[in-house]
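# Inside the fold
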Amino acid sequence: MINKQLITRRFSRAVESYNREAVAQKQIAHRMSDMLNRHLPRPCNRVLEIGSGTGFLTRKLMDTLHPQKLILNDICQEMSTCFTDLLGSGRATFLSGDAEQLPFPKGQDLIVSCSALQWFVSPEQFFERCNALLNQQGYFAFTTFGKDNLKEITSVTGSGLHYRTLEELEQSLTSHYKIISASEERIRLTFDTPLKVLYHLKHTGVTAVQQQVWTKGDLQSFCDKYARLFSDGDSVTLTYHPIYIIAQKK
């Protein structure tokens, strides 16, 4: 069960550390920006970004698509502090709250989301909502994560999010969209110890799957099992499994 209050708390605490620790998410955002720059026509005047975070994708969008009107959304109000220059200049507005519940303005040329939809209760319903918000022939583009995402954590703890496959996501989109581009990859990070994996996850906010108090014994057990299963010589691995989709309204 997705706990939106827990998600909000965990990501709010990670605002200061996110830019430093979220190396995979930054790589994913930059790849999505390159894809949008390649596939989208100009002008792209009205853009809605869902789950803006600290602005990895936002800044690239401003540099490449030059939207006249950019609406930024994030479930954490604290993220607005990352955009004081854009908000102060009038180039962007910020709407905080749960994107599955918030009403957004219609007439968008592009709705885009990076590394956020895995936290949604029903991405499929959101796909349909976005279709109604887009202009004729508008674009919906997003990255989310596939089945192998954080597979090491799931193996050790037995808990994790429910991830959809690329094929499942494409199938969910086909009634309302034409798929322009769809791909996936695995990004493997390495850390000196399992404790540093936990530090990384805490400081990117992605531990918001469940609320759990760990004892010293729990922590030791986690580290021992992680090191045994996922050692890579002198380090341990952590896998991200991003999926990239650009679709156009039918």
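Structure first, text after, so check above.
Residues numbered from 1 in each chain as written. Predicted model: local features only at pLDDT ≥ 70, side-chain atom pairs only at ≥ 80, totals over all residues. Heavy atoms only, no water.

In the structure shown here, the tally under the stated rule is one cavity of 30 Å³ or more. In this structure, the largest cavity encloses a volume near 80 Å³. Along its surface, the largest cavity is lined by L117, Q118, P123, F127, F142, T144, F145, H162, Y163, R164 and L169. Put simply, the parts of the chain that give the lining of the largest cavity at least two residues each are α6 (123–133) and β5 (134–145). Here the lining of the largest cavity gets three residues from one element, more than from any other, and that element is β5. In terms of residue class, the lining of the largest cavity is built from seven nonpolar, three polar and one charged. (1 Å grid on protein atoms, 1.4 Å probe; cavity = no way out; pocket = protein on both sides within 12 Å on 5 of 7 lines; lining within 4 Å. Points joined across faces, edges and corners; volume = space filled by probe spheres on them. Helix = DSSP H or I, 4+ residues; strand = E, 2+ residues; numbered from the N terminus. Nonpolar A, V, L, I, M, F, W, Y, C, P; charged D, E, K, R; others polar.)

Once that is clear, we can look at the sheet that holds strand β9 (residues 235–240). Taken together, the three strands give an open sheet; going across it, the order is β7-β9-β8, and neighbouring strands pair in antiparallel fashion. Two strands bound the open sheet, and with one partner strand each, they are β7 (187–191) and β8 (231–232). Where β8 and β9 come together, two bridges link them in antiparallel fashion. Counted as the bridge partner of D232 is S235 from β9. Docked against the sheet, helix α9 (residues 194–202) engages β7 and β9, running at close to 35° with respect to β9. With respect to the sheet, helix α10 (residues 216–230) is in contact with β8 and β9, its orientation differing from that of β9 by roughly 85°. (Pairing = 2+ DSSP bridges. Contact = heavy atoms within 4.5 Å. Axes fitted to C-alpha atoms, helices over the stretch in contact; angles between N-to-C directions.)

Turning our eyes to something else, we now look at the nonpolar core. Grouped together as the largest cluster of nonpolar side chains are 55 residues, with contacts concentrated most on L36, L110, Y226, L238 and Y240. Ranked by residue count, the leading element in this core is helix α3 (residues 23–39), at six residues. Apart from residues no more than four positions distant in its own chain, Y240 is found in contact with A24, Q25, F145, N149, L150, E185, R186, I187, L189, H200 and L201. (Core = buried A, V, L, I, M, F, W, Y, C linked by side-chain atoms within 4.5 Å. Buried < 20%, exposed > 50% of the residue type's maximum accessible area, 1.4 Å probe, protein only.)

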